[in-house]
Amino acid sequence: DVKVTQSSRYLVKRTGEKVFLECVQDMDHENMFWYRQDPGLGLRLIYFSYDVKMKEKGDIPEGYSVSREKKERFSLILESASTNQTSMYLCASRVGGNYEQYFGPGTRLTVT
Amino acid sequence: QKEVEQDPGPLSVPEGAIVSLNCTYSNSAFQYFMWYRQYSRKGPELLMYTYSSGNKEDGRFTAQVDKSSKYISLFIRDSQPSDSATYLCAMSAKNAGNMLTFGGGTRLMVKP
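Cut-offs and rules
Residues numbered from 1 in each chain as written. Chains lettered and ligands numbered in written order. Predicted model: local features only at pLDDT ≥ 70, side-chain atom pairs only at ≥ 80, totals over all residues. Heavy atoms only, no water. Helix = DSSP H or I, 4+ residues; strand = E, 2+ residues; numbered from the N terminus. Rg over C-alpha atoms; globule rule 2.2 N^0.38 Å. Polar contact = N/O pair within 3.5 Å; in protein donor to acceptor, adjacent residues only side chain to side chain. Pairing = 2+ DSSP bridges. Axes fitted to C-alpha atoms, helices over the stretch in contact; angles between N-to-C directions. Salt bridge = Lys/Arg side-chain N within 4 Å of Asp/Glu carboxyl O. Buried < 20%, exposed > 50% of the residue type's maximum accessible area, 1.4 Å probe, protein only. Disulfide = S-S within 2.5 Å.

Side note on the overall build of chain A
1) Next: Broken down by element type, chain A carries zero helices and 11 strands.
2) Next: Order of helices (α) and strands (β) in chain A, N terminus to C terminus: β-β-β-β-β-β-β-β-β-β-β.
3) Next: Relative to the 2.2 N^0.38 estimate, which gives 13 Å for 112 residues, the radius of gyration of chain A is 13 Å and therefore close to what a compact globule would have.
4) Next: Once the C-alpha set of chain A is aligned to its principal axes, its extents read approximately 40 × 25 × 25 Å.

Details of the side chain of serine 65 of chain A
1) Next: Along the polypeptide, serine 65 of chain A turns up in strand E7 (residues 64-70).
2) Next: Within the local environment of serine 65 of chain A, its side chain forms a polar contact with the side chain of glutamate 79 of chain A, the two groups lying 2.9 Å apart.

Looking at the sheet that holds strand E1 (residues 4-6) of chain A
Residues and elements named next belong to chain A.
1) Next: On the basis of which strands lie adjacent, the open sheet formed by four strands has the order E1-E3-E8-E7 and antiparallel pairing. Of all strands in the sheet, those bounded by a partner on one side alone are E1 and E7. For this sheet, the mean inter-axis angle between neighbouring strands, taken without regard to orientation, is 20°.

Some thoughts on the pattern of salt bridges
1) Next: Counted under the stated rule, the structure contains nine salt bridges over all chains.
2) Next: Of the charged contacts, one joins lysine 18 of chain A and glutamate 79 of chain A as a salt bridge, the two residues approaching to 3.6 Å between their closest N and O atoms. In this pair, lysine 18 of chain A sits in the loop between strand E2 (10-13) and strand E3 (19-25) while glutamate 79 of chain A sits in the loop between strand E8 (73-78) and strand E9 (87-94), placing the two residues 61 residues apart along the sequence.
3) Next: On the basis of relative accessible area, lysine 18 of chain A is assigned to the partly exposed category, the value being 45%.
4) Next: Residue classification places glutamate 79 of chain A among the partly exposed positions, given a relative accessible area of 43%.
5) Next: A salt bridge links glutamate 45 of chain B to arginine 37 of chain B; its shortest N-O distance comes to 3.2 Å.
6) Next: The exposure class assigned to arginine 37 of chain B is buried, which follows from its relative accessible area of 13%.
7) Next: Linked by salt bridges that have partners in common, Arg36, Asp38 and Arg44 of chain A make up one network.

Remarks on the sheet that holds strand E1 (residues 4-5) of chain B
All names here are of chain B.
1) Next: Spatially, E1-E3-E8-E7-E6 is the arrangement adopted by the five strands of the open sheet, whose pairing is antiparallel. Two strands lie at the open edges of the sheet, namely E1 and strand E6 (54-58), each paired on one side alone.
2) Next: Looking at chain direction, strand E7 (residues 61-66) and strand E8 (residues 71-76) are connected through six bridges and run antiparallel. The residue bridging valine 65 from the neighbouring strand is isoleucine 72, located in E8.

Let's talk about the state of the cysteines
1) Next: The final tally for this structure, using the stated rule, is two disulfides over all chains.
2) Next: Put simply, cysteine 23 of chain A and cysteine 91 of chain A are joined by a disulfide, and their sulfur atoms are 1.9 Å apart. Residues cysteine 23 of chain A and cysteine 91 of chain A share a disulfide whose torsion about the S-S bond is about -75°; that sign makes it left-handed. Remark: cysteine 91 of chain A occurs in strand E9 and cysteine 23 of chain A occurs in strand E3; sequence separation between them is 68 residues. There is no split in this pair, since cysteine 23 of chain A and cysteine 91 of chain A are both buried.
3) Next: Paired by a disulfide, cysteine 23 of chain B and cysteine 89 of chain B hold their sulfur atoms 2.0 Å apart. Of note, the bridge from cysteine 23 of chain B to cysteine 89 of chain B carries an S-S torsion of about -105° and is left-handed in sense. A residue pair is termed long-range when its members are at least 10 positions apart, and cysteine 23 of chain B in strand E3 (residues 19-25) and cysteine 89 of chain B in strand E9 (residues 85-93) qualify at 66 residues. The same class applies to cysteine 23 of chain B as to cysteine 89 of chain B, namely buried.

Next comes the structure, spelled out in structure tokens:
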């Protein structure tokens, strides 16, 4: 079974803090993704990575950056957290060439 | 207009009912179709994956794609309270690279 884990289930941060969200997959997948999920807006792609040290912007990259130093790990960074970044953050991975993605359990981030 | 439309529900049915969940889409290039199930406070899990038109069955679940109508469906037979979740459709075009386009999700409640 594919396993995607995220470092925290719940996180509370203050406005202006730098926030790191970690994601690890154990299936040697090439591609990894970060989404945010908000009521009424569904899943929106923030960034994805198709290989180590490679990244591409998704639909809503503003205010976020990512890091992929190892194949199994993909980090999402909020450089200066703001209240409008309060959301559920979902990491996903997939094998290159396939279309189905496998999701982690999510991190519910609250920025106060 | 969103590229993928999905009635948010909630859809409430009695245990044992046949459930029909649907998505419509506007992009005729979509060829890969997925259904995800998401329990409350969890990440989405892949339920069904189909390519192009036709039906696919897996236990109590049947996925149906009608490309001519740009309409996909997920049927759940003999629904159980454990099926209560949000169901997300997702789709991708052949040369869309890594991009999945998600519907907003339909919340299903199966009452004992």
